[in-house]
Structures are given as structure tokens and as C-alpha cells.
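# Tertiary structure, described
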Amino acid sequence: MSDLREAASRPGSLLQTMRAVGWSFLGIRRSDGYAQDVSKLNPVHVAIAGVLGAVVFVLALVLLVRWVVGSGVAV
């Protein structure tokens, strides 16, 4: 239980968290970069950033599809 508390108390910056989540969405992350992320980032921040990233990704896809269908290209 103390490991979980220690992990949740890591400061981790917003930029580092977003960069790690972005690389994970692309699926191209080096193992040494992953090891650095695990030791520095707050897992709660990573989970929240991952959910927000997924929502933004889905919304971008929906908007793209609506734009293509609305433009008449997909007839």
C-alpha cells in the first residue's frame, strides 16, 4: 500500500505526462523512456490524461467523419 501512495505523490509535470500519453497512443516508445516515465510520472495523472486523450481522439474522428459526409465527397 505504501508503494501506491508513493507513486500517487510523484510530482510529474503536465508536459511529461502528455508526452508519455501521446507516445503510448502512437505505440512507439523506447523501453528506456518507459522506464523513466514509470519512475517519474504520477499514475493518476497518466490515467486522467489517457482518458482525456481518448475523448479528444474520438471527438476528432466524429468531426472528421461529419465533415467528409457533409462535404459530399463520401456519396
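Worth saying up front: this structure is predicted, and the values here are computed from it rather than measured.

On to the environment of H45, then. Its place among the elements puts H45 in helix α4 (residues 43-71). Once the C-alpha coordinates of H45 and S13 are considered, the two residues, 32 residues apart in sequence, prove to be 9.2 Å apart.

Attention shifts here to a nonpolar patch on the surface. On the surface, a nonpolar cluster with roughly 720 Å² of combined accessible area is contributed by F25, F57, V58, L61, V62, L64 and W67. By residue number, the principal contributor to the nonpolar patch is α4, which donates six residues. Inspection of the secondary structure puts L64 in helix α4.

Our focus in this paragraph is the packing of helix α2 (residues 14-26) against α4. When two helices pack together, their arrangement is captured by the angle between the axes and the distance separating the axes. Taken N-terminus to C-terminus, the directions of α2 and α4 make an angle of 55°; their axes are 9 Å apart at the nearest point. One element, α2, and the other, α4, form an angle in the oblique class. Here the hand of the crossing between α2 and α4 comes out right-handed. Contact with α2, carried on its side by T17, M18, V21 and F25, involves H45, V46, A49, G50, G53 and A54 of α4 and no other residues of that element. Of the residues assigned to the contact of α2 with α4, the class counts are six nonpolar, four polar and no charged.

A separate point is α4. Along its 29 residues, α4 runs 42 Å from first to last C-alpha, staying within 8% of the 42 Å computed at 1.5 Å per residue. The N-cap residue of α4 is N42: its side-chain oxygen and the backbone nitrogen of V44 are 3.0 Å apart. Immediately downstream of α4, the backbone of G72 shows phi near 85°, a positive value.

Here α2 spans 18 Å end to end across 13 residues, near enough to the 18 Å set by a 1.5 Å rise per residue. Within α2, burial applies to T17, A20 and V21. Buried residues of α2, seen end-on, are gathered within an arc of 95° and therefore sit on one face of the element. Relative to its buried face, α2 has exposed residues pointing more than 90 degrees away, namely L15 and L26. With its phi angle positive at about 80°, G27 sits one or two positions after the end of α2.

Rules used throughout
- Residues numbered from 1 in each chain as written.
- Predicted model: local features only at pLDDT ≥ 70, side-chain atom pairs only at ≥ 80, totals over all residues.
- Heavy atoms only, no water.
- Helix = DSSP H or I, 4+ residues; strand = E, 2+ residues; numbered from the N terminus.
- Patch = residues over 30% accessible without salt bridge, like charges linked within 9 Å, V, L, I, M, F, W, Y side chains within 5 Å.
- Areas by Shrake-Rupley, 256 points an atom, 1.4 Å probe, with all protein chains shown as cover.
- Salt bridge = Lys/Arg side-chain N within 4 Å of Asp/Glu carboxyl O.
- Axes fitted to C-alpha atoms, helices over the stretch in contact; angles between N-to-C directions.
- Parallel < 35°, antiparallel > 145°, perpendicular 65-115°, else oblique.
- Left-handed = near helix turned anticlockwise from the far one by under 90°.
- Contact = heavy atoms within 4.5 Å.
- Nonpolar A, V, L, I, M, F, W, Y, C, P; charged D, E, K, R; others polar.
- Expected span 1.5 Å × (residues − 1).
- Polar contact = N/O pair within 3.5 Å; in protein donor to acceptor, adjacent residues only side chain to side chain.
- Buried < 20%, exposed > 50% of the residue type's maximum accessible area, 1.4 Å probe, protein only.
- Arc of directions from axis to C-beta.

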